[in-house]
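Overview (structure and organization)
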Amino acid sequence: MSTTQQPRPVTPASILAHRLQALVRLGEEQPGTDPALQAGLIEAYQLAQGLDPYLDRFSTPASPALHALEQRTREHDWSAGSGPLEQEMLSGQVEGQFLKLMVHAVRARQVLDIGMFTGYSALAMAEALPPDGRVVACEVDEAVAAFAAENFAQAPAGAKIDVRVGPAGQTLRRLASDAEVFDLVFLDADKVAYHSYLDILLSHDLVAEHGLICVDNTLMQGHPWTAQRSANGDAIAEFNRAVAEDPRIEQVILPLRDGVTLIRRASPTQPS
Ligand SMILES: C[S@@+](CC[C@H](N)C(=O)[O-])C[C@H]1O[C@@H](n2cnc3c(N)ncnc32)[C@H](O)[C@@H]1O
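In this text, all values refer to a predicted model and were calculated from it rather than measured experimentally.

Summing up its helical and strand segments, the protein chain has nine helices and seven strands in all. In terms of overall dimensions, the protein chain is globule-like: its C-alpha atoms have a radius of gyration of 20 Å, near the 19 Å expected for 272 residues. Expressed as lengths along the three principal axes of its C-alpha atoms, the size of the protein chain is roughly 70 × 60 × 35 Å. Relative to its 272 residues, the protein chain shows a buried fraction of 38%. Taking as baseline every contact in the protein chain between residues at least 6 positions apart, the subset at least 24 positions apart corresponds to 71%.

Structure follows, in structure tokens:
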């Protein structure tokens, strides 16, 4: 069965908009709500609600192949599978465009996508690569890897993607033993293992000296700084702390969708 439901809010801005919308409705329903309070709530709701659509509208649109991949992902019935997969996992137009610009910025030829799902980030980065460029895409779920491979077969840049099915930790160790080096890495797999993946990437020199690592969901719906608790929120809070204390790297967290951290190897300290 196919479903085309609207994705539920999964970014701090869209969750905030959702909460504010509920408060606006509550204010409308309750007699005697202070008009100034209601006007302020409406203004705050509009500010939060309009952000993501504004970013979508003024960022470069997705290619027809990416658009089709997103549509197929939205139409698929994820509730029928046995795993935790859901349409909200798809990164989408703005983040895909961000990754494309990162490919251009580091002049990447070799890209590593950790956590492929239906292939949006892998295909976006493949589209930005030169003809001899390659994306190695890691995915543990065989069924979704097959779904992604069907998408790649229909996309002009799909032939640049080399899918590796299996637990990402094993795939990374195999890539390291093959002396592979990547110019750009997008980390978007199981959040509880983020720190171990980062450690493998750095300690096995899987990232080129000029390379960049982009890590998704590092704001995790606001859980690291609000009262909301979740296993993923705790894992991301711990990951962010460990990254901030790691002298091997420098980083910045960007509030793009659910947060993207950019990481590079720190330059060796020059003697003064
Ligand atoms: C958030 S989704 C990735 C979304 C994708 N990057 C995109 O742009 O649409 C996370 C994916 O990581 C996969 N995953 C989870 N644990 C993994 C593991 N240990 N090894 C490899 N992939 C894993 C999940 O099956 C899921 O497909």
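Back to the text.
Non-glycine residue Ala179 carries a positive phi angle of around 60°. The topology assignment puts Ala179 in the loop between α7 (168-177) and β4 (182-187). For Asp205, which is not a glycine, the phi torsion comes out positive at approximately 50°. Assignment of secondary structure puts Asp205 in the loop between α8 (194-203) and β5 (207-216).

A word on the packing of α7 against α8. One can describe the packing of α7 onto α8 by two numbers: an axis separation of 10 Å at closest approach and a directional angle of 0°. What the angle tells us is that α7 and α8 run roughly parallel. Two secondary-structure elements touch here, α7 through Ala168, Gly169, Leu172, Arg173 and Ala176 and α8 through Ser196, Tyr197, Ile200 and Leu201. Residues of the contact of α7 with α8, tallied by class, amount to six nonpolar, two polar and one charged.

Attention now moves to the sheet that holds β5. The strand order across the open sheet built from seven strands is β3-β2-β1-β4-β5-β7-β6, with neighbouring strands paired in mixed fashion. In this open sheet, the two strands that pair with only one neighbour each are β3 (161-165) and β6 (249-254). Going from strand to strand, the sheet's axes swing by 15° on average, the running direction of each strand aside. Looking at chain direction, β4 and β5 are connected through five bridges and run parallel. Bridge assignment links Phe186 to a residue of β5, and that residue is Cys214.

Let's shift gears to α8. Along α8, the residues classified as buried are Tyr194, Tyr197, Leu198 and Leu201. Axial view of α8: buried residues confined to an arc of 100°, hence all on one face. Tucked into the core, α8 has its buried residues touching β1 (110-114), α7, β4, β5 and α9 (231-245). Positive phi appears at Asp205, one or two residues downstream of α8, with a value of about 50°.

As a further point, take the domain arrangement of the protein chain. By the assigned domains, the protein chain splits into domain 1 (12-58) and domain 2 (64-265). A separation of 32 Å is found between the C-alpha centroids of domain 1 and domain 2. Of the residues lining the interface, four residues belong to domain 1; the matching set on domain 2 comes to five residues. Counting only elements with at least two residues in the side of domain 1 that touches domain 2, the list comes to α1 (12-29) and α2 (35-58). The class makeup of the residues in the side of domain 1 that touches domain 2 is three nonpolar, no polar and one charged.

Here the focus is the site of the ligand. Around the ligand, the structure places 19 residues, and the nearest of them are Ser91, Gly115, Phe117, Ser121 and Ala168. For the shell around the ligand, a count of residues per class yields 12 nonpolar, three polar and four charged.

Each value, and the rule that gives it
Residues numbered from 1 in each chain as written. Predicted model: local features only at pLDDT ≥ 70, side-chain atom pairs only at ≥ 80, totals over all residues. Helix = DSSP H or I, 4+ residues; strand = E, 2+ residues; numbered from the N terminus. Rg over C-alpha atoms; globule rule 2.2 N^0.38 Å. Buried ≥ 20, exposed ≤ 12 C-beta atoms within 10 Å, placed from the backbone. Contact = placed C-beta atoms within 7 Å. Axes fitted to C-alpha atoms, helices over the stretch in contact; angles between N-to-C directions. Parallel < 35°, antiparallel > 145°, perpendicular 65-115°, else oblique. Nonpolar A, V, L, I, M, F, W, Y, C, P; charged D, E, K, R; others polar. Pairing = 2+ DSSP bridges. Arc of directions from axis to C-beta. Domains from an automatic or database assignment. Near = placed C-beta within 6 Å.

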